[in-house]
Amino acid sequence: MTNTLSVIVGSVLGASEYVGEALEQVGKNAGFDTQIQFEPNIDTLPLKGTWLICTSTHGAGDLPENIQPFAEALENCDLSGIKAYVVGLGDSSYDTFCHGAIAMERKLLKAGATILAEPLHIDVLNHPIPEDIAVDWFNKQLQN
Ligand SMILES: Cc1cc2nc3c(=O)[nH]c(=O)nc-3n(C[C@H](O)[C@H](O)[C@H](O)COP(=O)(O)O)c2cc1C
């Protein structure tokens with residue numbers, strides 16, 4: 001049976017969308033049957049297989065608006081069939097660096113998902129092309 005990879009994007013300005021698309025391609029190359037959601041909707045995601053959450057942080061450490069309904073919906077879900085990766089984009093000049101990704105990680109764990117690797121928190125101050133480091137990281141994870 002084919003493994004599924006669902007890439008779930010939280011973004012305001014588009015950077016996390018580029019990263020999500022690049023990571024979906026990595027998954028595809030590794031043989032996953034992939035989908036990507038830019039307006040994540042729990043009702044159209046498989047509650048099994050692998051999820052990859054790729055989200056920025058905005059406001060005062062908040063999740064982007066497009067992923068907030070999804071994040072709230074996770075509170076009523078059993079995600080024990082899900083294995084997940086978390087990638088965050090943020091700016092280390094904020095003391096709420098990558099708090100959106102950290103919030104998603106907590107919600108996944110609380111709902112019973114297995115986090116497959118230490119989440120990647122990309123500081124866009126040091127990585128002006130965040131997809132480069134994200135692709136390297138995900139390739140390494142999939143080789144493990
Ligand atoms: C108004 C505003 C607020 C932000 N707040 C945070 C923050 O609290 N923590 C953080 O780590 N990054 C913060 N950032 C940085 C963004 O997360 C970063 O620029 C990211 O690359 C944006 O990704 P996106 O284009 O997918 O939304 C903020 C950026 C803006 C413009």
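Structure shown above.
Along each chain, numbering runs from 1 in the same order as the chain's sequence is written. Totals for whole chains, interfaces and linings use every residue, but because this is a predicted model, local features are given only for residues with pLDDT of at least 70 and side-chain atom pairs only at 80 or more, for both listing and counting. The side-chain figures draw on all heavy atoms in the structure; neither hydrogens nor water molecules are used.

A. Highlighting the environment of Ile36. Labels follow the DSSP assignment, with helices taken as runs of H or I lasting at least four residues and strands as runs of E lasting at least two, numbered in each case from the N terminus. In this structure, Ile36 sits in strand 2 (residues 33-37). Relative accessibility decides the category of a residue: with a 1.4 Å probe and only protein chains considered, values under 20% of the type maximum give buried, values over 50% give exposed, and everything between is partly exposed. On the accessibility criterion, Ile36 (22% relative accessible area) is partly exposed. For the pair Ile36 and Cys77, spaced 41 residues apart in sequence, the C-alpha separation works out to 20 Å. Aside from chain neighbours lying at most four places away, what touches Ile36 is Val7, Val9, Gly20, Glu21 and Glu24. Contacts were defined at the residue level, with two residues in contact if any of their heavy atoms lie within 4.5 Å.

B. Region of interest: the environment of Leu108. Locating Leu108 in the fold gives a position in helix 3 (residues 99-110). Here the alpha-carbon distance between Leu108 and Leu5, two residues 103 residues apart in the chain, equals 16 Å. Filtering out sequence-adjacent residues up to four positions away, Leu108 remains in contact with Trp51, Ile53, Leu74, Leu79, Ala84, Val86, Ala113 and Ile115.

C. Quick peek at the pairing of strand 2. Pairing of strand 1 (residues 4-10) with strand 2 involves 5 bridges; the strand directions are parallel. Paired with Thr4 across the bridge in strand 2 is Asp33. By convention, orient the strands away from the viewer: a clockwise path from the first strand over the helix to the second makes the crossover right-handed. Each parallel crossover has a hand, and for strand 1 linked through helix 1 (residues 15-29) to strand 2 it is right-handed. Strand pairing is assigned whenever DSSP identifies at least 2 bridges connecting the two strands.

D. Geometry of the site of the ligand. Around the ligand sit 19 residues, and of these Ser11, Ser16, Thr57, His58 and Thr96 come closest. Pairing of N or O atoms within 3.5 Å defines a polar contact, subject to two protein rules: one partner must be a possible hydrogen donor and the other a possible acceptor, and residues neighboring in sequence count only if both atoms are side-chain atoms. Within the backbone of Gly59, an N or O atom sits 3.3 Å from a nitrogen atom of the ligand. Per-residue and other accessible areas follow the Shrake-Rupley method at a 1.4 Å probe size, with only the shown protein chains counted as cover for residues. About the coverage of the ligand: the protein hides 82% of its 640 Å² of free accessible area. The set of elements that each furnish at least two residues to the shell around the ligand consists of helix 1 and strand 4 (82-90). By convention in these notes, a residue is near a molecule or strand provided one of its non-hydrogen atoms lies within 4 Å of it.

E. Representation of the nonpolar core. By size, the foremost hydrophobic cluster in this structure holds 21 residues, and its most contacted members are Trp51, Ile53, Phe70, Leu74, Leu79, Met104 and Leu108. Ranked by size, the runner-up nonpolar core spans 18 residues in total, among them Leu52, Val87, Leu89 and Trp137. For our purposes a nonpolar core is just a set of buried Ala, Val, Leu, Ile, Met, Phe, Trp, Tyr and Cys residues, chained together by side-chain atoms within 4.5 Å.

F. Here's a closer look at the environment of Asp43. Along the chain, the position of Asp43 falls in the loop between strand 2 and strand 3 (49-56). Distance in space between the C-alpha atoms of Asp43 and Asp123 is 32 Å, their sequence separation being 80 residues.

G. Representation of the packing of aromatic side chains. The criterion for an aromatic pair is that two Phe, Tyr or Trp rings (for Trp, the six-membered ring) have centres within 6.5 Å, with stacked assigned to planes under 30 degrees apart, edge-to-face to planes over 60 apart and tilted to the rest. Under the defined criterion, the tally for this structure stands at 4 aromatic pairs. When the centroid spacing of 5.9 Å and the interplanar angle of 85° are considered together, the rings of Tyr85 and Trp137 count as edge-to-face. Of the two residues, Tyr85 is situated in strand 4 and Trp137 in helix 4 (residues 130-143); the sequence distance between them amounts to 52 residues. Judged by its relative accessible area of 12%, Trp137 is buried. Their ring planes at 20° and their centres at 6.2 Å tell us that Trp137 and Phe138 sit as a pair that is stacked.

H. Structural detail: the side chain of Thr34. With respect to the helices and strands, the residue Thr34 is situated in strand 2. A polar contact of 2.9 Å, which involves the side chain of Thr34, links it to the side chain of Glu24. Setting aside chain neighbours within four positions, we find Thr34 in contact with Leu5, Glu24, Gly27 and Lys28.

I. Spatial organisation of the packing of helix 1 against helix 4. Here the axes come from fitting lines to C-alpha atoms, over the contacting stretch only for helices, and the angles between their N-to-C directions go from 0 to 180 degrees. The contact between helix 1 and helix 4 brings their axes to 9 Å, and the two run at 30°. Relative to helix 4, helix 1 is oriented roughly parallel. Between helix 1 and helix 4 lies a crossing whose hand is right-handed. Contacts from Tyr18, Val19, Ala22, Leu23, Val26 and Gly27 in helix 1 reach Pro130, Glu131, Ala134, Val135, Phe138, Asn139 and Leu142 in helix 4. For this classification, Asp, Glu, Lys and Arg are treated as charged, while Ala, Val, Leu, Ile, Met, Phe, Trp, Tyr, Cys and Pro are nonpolar and the rest, including Gly, are polar. For the contact of helix 1 with helix 4, a count of residues per class yields 10 nonpolar, 2 polar and 1 charged. Angle categories: roughly parallel below 35 degrees, roughly antiparallel above 145, roughly perpendicular from 65 to 115, and oblique for all the rest. Helix crossings are classified by the rotation of the near helix relative to the far one: an anticlockwise turn of less than a right angle makes the crossing left-handed, while a clockwise turn makes it right-handed.

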